[in-house]
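# Remarks on the overall topology
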Amino acid sequence: MAIKLDTQYAVDFIKDGAFDALIPSAKQAFEKVHCPEERKAQPIGWLTLPEDYDKEEFARIKDCAKRIQKMCDVFIVIGIGGSYLGARAALEFVKGTNYNAMKKDTPDVYFSGNSIDPDHLSELLSICEDKDVCINVISKSGTTTEPAISFRIFREFLEKKYGSEEAKKRIFVTTDKTPKPGTLKEFADNVGYETFVVPSNIGGRFSVLSAVGLLPIAVSGCDIDKMMQGAKKAMEDYKDFDVEKNTAVKYAILRNLFYNDGKAVELYASYTPGMQYMGEWLKQLFGESEGKDGKGIFPASVVYSTDLHSLGQYVQDGERILFETVLTAENPRYELTIPQAELDTDGISYIAGKTLHYVNSKAFLGTVLAHVKGGVPNLVLSYDRADEENFGYMVYFFELSCALSGYILGVCPFNQPGVEAYKKNMFILLGKPGYEGQTI
């Protein structure tokens, strides 16, 4: 388990002295993240989570996941942003994008509450009609519009299907447990739903290795013990400030270095569809953490070679405002070999007998070299394979890098004040009580 950072495709874009000039800011950021006073003031509980997580709740999550696996064919995860992206990233990273269609002894897992689209929700309800269903609603307050709508609809669906008493056993709530919890916690306790905790000292986009992500991940059959072991290994690897050895520190510096040089877009690129939602999680992690005060790198993501046939032209020849961070696995979970054929009608006999991983690795190298020649710096982050340990390790790596990068940039990486603007306008337009007379 490790993240290897290869800078050979970026060094020609780094001006003399630019990296060293940011080391003092990075050291200050590192000390700030680890400062006891800062950790009391900001939700930085993720920093030591792999070691000091609630062992009792962790055991209860594993027990609950086993019960859910026996009870249902379909498991609906209701949440938005950090309440679902991390779990979906983990499921597709470890189990693959075709998890729901594959033969398995665990439930299909679908995600709801992340949009207000009636077509999407109706499709999910149709899928559930003739299946046994359980749901997990994840919300700190319980009043976020998108998941609240989905929860109300699925709660009604379960109560009609099973009756209120049986429905109670099929609804699991992950929510706040502060001295003044949100309305969802109070409602869950009154009705009698089993509940898990959204940690008060961990922000949503940093919460995947808490109950927020771990219950859905465990239901899919992933080994969450191994996931936490991977995160703990990363915590140990990155506990000291050493620019040469601490890859998280080095990556945070390089991001800011490129930003200072006018590269305002970071394009996360991977070469497997199973990384798509890792890209989505990274977009929220870095976008919400850094995009404020008129500053911030804009995070985007692509899956190659698919997106080479859409966005590849822009990356190669478009405006030089971006750098790429490539995430690549050294070993696949499975392997296939291209077969021989008597007739070369498809023109690929020259690679017959080669593995797909070999061909994919050459697509990666050819793309990196082309983009660098086109004026796009490339950072390459490689990991061993897509499994639980490497997912946990990767999550910790990016969370620490993000916190450091935000402080180097000069913003607080743990708030998201801009998120409220659209909500206020929507509430005014919908006539929500308390917003009467307000204007957009």
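Placed above this text is the structure.
Residues numbered from 1 in each chain as written. Predicted model: local features only at pLDDT ≥ 70, side-chain atom pairs only at ≥ 80, totals over all residues. Heavy atoms only, no water.

### What about empty space enclosed by the protein?
Heads up, the rule is: Only protein atoms enter the calculation, which uses a 1 Å grid: trapped sets of points that fit a 1.4 Å probe without letting it out are cavities, open sets showing protein on both sides within 12 Å along at least five of seven lines are pockets, and any residue with an atom within 4 Å of a point is a lining residue. Grid points are joined across faces, edges and corners, and a volume is the space filled by probe spheres set on the points. A run of H or I in DSSP becomes a helix once it reaches four residues, and a run of E becomes a strand once it reaches two; helices and strands are each numbered from the N terminus. All amino acids are sorted into three groups, where Ala, Val, Leu, Ile, Met, Phe, Trp, Tyr, Cys and Pro are nonpolar, Asp, Glu, Lys and Arg are charged, and the leftover types, Gly among them, are polar.
By the definition in use, this model includes three cavities of 30 Å³ or more. There is about 50 Å³ of room inside the largest cavity. Tyr 268, Ala 269, Ser 270, Met 275, Gln 276, Gly 279, Ser 301, Val 302, Val 303 and Leu 327 are the residues that line the largest cavity. At the level of secondary structure, the elements contributing two or more residues to the lining of the largest cavity comprise strand E7 (265-270), helix H13 (276-290) and strand E8 (298-303). Residue classes in the lining of the largest cavity are distributed as six nonpolar, four polar and no charged.

### Quick notes on the packing of aromatic side chains
Formally: Put simply, two rings from Phe, Tyr or Trp (the six-membered ring, in Trp's case) pair if the centres are within 6.5 Å, and we call them stacked under 30 degrees between planes, edge-to-face over 60, tilted for the rest. Burial classes follow relative accessibility: with a 1.4 Å probe on protein chains only, a residue under 20% of its type's maximum area counts as buried, one over 50% as exposed, and anything between as partly exposed. Whether a charge lies above a ring is judged from NZ of Lys or CZ of Arg, which has to be within 6 Å of the ring centre and within 35 degrees of the ring normal.
Counted under the stated rule, the structure contains 25 aromatic pairs. Pairing Tyr 238 with Phe 397 gives two aromatic rings, centres 5.9 Å apart and planes at 55°, and the pair type is tilted. Note that Tyr 238 is positioned in the loop between helix H11 (224-237) and helix H12 (247-260) and Phe 397 in helix H16 (residues 388-409), a separation of 159 residues in sequence. Comparing Tyr 238 with Phe 397 shows no difference in burial state: the two are buried. One aromatic cluster is present, built from ring pairs that chain together Tyr 238, Tyr 251, Tyr 268, Phe 286, Tyr 393, Phe 397 and Phe 398. In this arrangement the basic side chain of Lys 104 is found over the ring face of Tyr 99, its NZ or CZ atom lying 4.8 Å from the centre. Over the ring of Phe 151 we find Arg 155; its NZ or CZ atom is 4.8 Å from the centre of that ring.

### What to know about the sheet that holds strand E4 (residues 133-138)
Test applied: Only strands joined by at least two bridges in the DSSP assignment are considered to pair. Note on geometry: axes are lines fitted to C-alpha atoms, helical ones only across the stretch in contact, with angles between N-to-C directions running from 0 to 180 degrees. Only heavy atoms enter the contact rule, under which two residues are in contact if any of them lie within 4.5 Å.
Taking strand neighbours across the sheet as the criterion, the five strands line up as E3-E2-E4-E5-E6 in an open arrangement whose pairing is parallel. Every interior strand has two partners, whereas the edge strands, strand E3 (108-112) and strand E6 (194-197), have only one. Ignoring strand direction, the axes of neighbouring strands in this sheet form an average angle of 20°. Helix H9 (residues 183-191) rests against E4, strand E5 (171-175) and E6 of the sheet, and its axis sits at about 145° to E5.

### A look at the state of the cysteines
We apply this condition: Two cysteine sulfur atoms form a disulfide, by the criterion used here, when they sit within 2.5 Å.
In total, this model carries zero disulfides according to the counting rule given. Sulfur of Cys 64: no disulfide; nearest cysteine sulfur belongs to Cys 134 and is 8.4 Å away. For Cys 64, a relative accessible area of 0% translates into the label buried. Of all cysteine sulfurs, the one in Cys 72 lies closest to Cys 222, which takes part in no disulfide; the gap is 15 Å.

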